[in-house]
Amino acid sequence: MNKRPSYLSFDKSSYFWKPGVDYRAHPEHYRVGKGEQGVLICEPYKSEIGINWRFKTKAIALESAQKIFAQFLSYLDKDEFVGADMARKYLQMGYTRARRYANYRGGRKYDPAKDYAQFEFGTGEEEKAEAAKIFHGFWKQAEATEKYAALKKSWKQNRG
């Protein structure tokens, strides 16, 4: 029996992040969460940052990661933790998605036609592995930024 992907049993109603909330106007509704949670929901950040998120080639990934990191720093300059955290999440997601395409041809891990059996590992593109390295570096640089780390610690203690 195959282990089915967790997204198949996703409970939308219990997901903390909600579409329709303006997280800039209502940052009190934002939670840091784990990993990339909320990254494709939290507006206006999704729209502001998502337009720059690309990883098709190493060169495209570099340009994308640089733009997103610049947005990260801009949000920090304005003490806008939610924006900075969302930019950090996009950098992390650049890494994880590019790795998925590096590991699996077409970026697909499971075959829905075969009871979600896992596709063969190691069939992806080397170019995506290079893109992932770029995003990984910027992601880790963002996390190591002292101001971000302090804001994140405070946010988690006070808001979750």
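For the structure itself, consult the block above.
If you're wondering where the values come from, they're calculated on a predicted model, not measured in any experiment.

(A) A look at the overall build of the protein. Helix and strand counts for the protein come out as five helices and two strands. Order of helices (α) and strands (β) in the protein, N terminus to C terminus: α-α-α-β-β-α-α. Computed over C-alpha atoms, the radius of gyration of the protein comes to 17 Å, within 12% of the 15 Å expected from 2.2 N^0.38 for 160 residues, which places it in the range of a compact globule. Principal axes of the C-alpha set define a box for the protein whose edges measure 45 × 40 × 25 Å. Looking at the 160 residues of the protein, the share that counts as buried comes to 39%. Across the protein, contacts joining residues at least 24 apart in sequence account for 63% of those joining residues at least 6 apart. About 9,400 Å² of surface is accessible on the protein, with carbon and sulfur atoms providing 52% of the total.

(B) Up close: helix α3 (residues 81-103). Counted at 1.5 Å a residue, the expected span for α3 with its 23 residues is 33 Å, and the 33 Å between its end C-alpha atoms agrees. Judged by how many residues are buried, α3 sits mostly within the fold: 17 of 23 residues are covered.

(C) The packing of aromatic side chains, seen in detail. Enumeration according to the criterion identifies 13 aromatic pairs in this entry. On the basis of an interplanar angle of 20° and a centroid distance of 5.9 Å, the ring pair of F81 and Y148 is categorised as stacked. With F81 in helix α3 and Y148 in helix α5 (residues 146-158), this pair connects stretches of sequence that are 67 residues apart. Grouping residues by exposure puts F81 and Y148 together as buried. Three or more aromatic residues joined by ring pairs form one cluster here, namely Y23, Y30, F69, F72, F81, F138, Y148 and W155. Taking the ring centre of W139 as reference, the NZ or CZ of K140 above it sits at 4.1 Å. For R159, the ring lying beneath its charged end belongs to W155, and the centroid distance is 4.3 Å.

(D) Broad picture of the nonpolar core. Core analysis: the biggest nonpolar cluster contains 35 residues, and Y30, M86 and L91 have the highest contact counts within it. Of all the secondary-structure elements, those providing two or more residues to this core are α1 (45-50), α2 (58-77), α3, α4 (126-144) and α5. Take this core: its biggest share by element is nine residues, from α3. Sequence-distant contacts of L91, that is, excluding residues within four places in its chain, are made with A65, I68, F69, F135, F138, W139 and A142.

(E) Spatial organisation of the environment of E125. As for its position among the elements, E125 is in the loop between β2 (117-118) and α4. Residue E125 is classed as partly exposed on the basis of its relative accessible area, which comes to 39%. On a C-alpha basis, the gap between E125 and R99 in space is 9.2 Å, while along the polypeptide they are 26 residues apart. Once you skip the residues sitting within four places of it in the chain, E125 turns out to touch Y101 and A102.

(F) Region of interest: the packing of α2 against α3. Between α2 and α3, whose axes approach to 8 Å, the crossing angle comes to 160°. Classified by the angle their axes make, α2 and α3 are roughly antiparallel. The element α2 and its partner α3 pack so that their crossing is left-handed. Of the residues in α3, those in contact with A65, I68, F69, F72, Y75 and L76 of α2 are G83, A84, A87, R88, Y90 and L91. Residue classes in the contact of α2 with α3 are distributed as ten nonpolar, one polar and one charged.

Rules used in this analysis
- Residues numbered from 1 in each chain as written.
- Predicted model: local features only at pLDDT ≥ 70, side-chain atom pairs only at ≥ 80, totals over all residues.
- Heavy atoms only, no water.
- Helix = DSSP H or I, 4+ residues; strand = E, 2+ residues; numbered from the N terminus.
- Rg over C-alpha atoms; globule rule 2.2 N^0.38 Å.
- Buried < 20%, exposed > 50% of the residue type's maximum accessible area, 1.4 Å probe, protein only.
- Contact = heavy atoms within 4.5 Å.
- Areas by Shrake-Rupley, 256 points an atom, 1.4 Å probe, with all protein chains shown as cover.
- Expected span 1.5 Å × (residues − 1).
- Phe/Tyr/Trp six-rings, centres within 6.5 Å; stacked < 30°, edge-to-face > 60°.
- Lys NZ or Arg CZ within 6 Å of the ring centre and 35° of its normal.
- Core = buried A, V, L, I, M, F, W, Y, C linked by side-chain atoms within 4.5 Å.
- Axes fitted to C-alpha atoms, helices over the stretch in contact; angles between N-to-C directions.
- Parallel < 35°, antiparallel > 145°, perpendicular 65-115°, else oblique.
- Left-handed = near helix turned anticlockwise from the far one by under 90°.
- Nonpolar A, V, L, I, M, F, W, Y, C, P; charged D, E, K, R; others polar.

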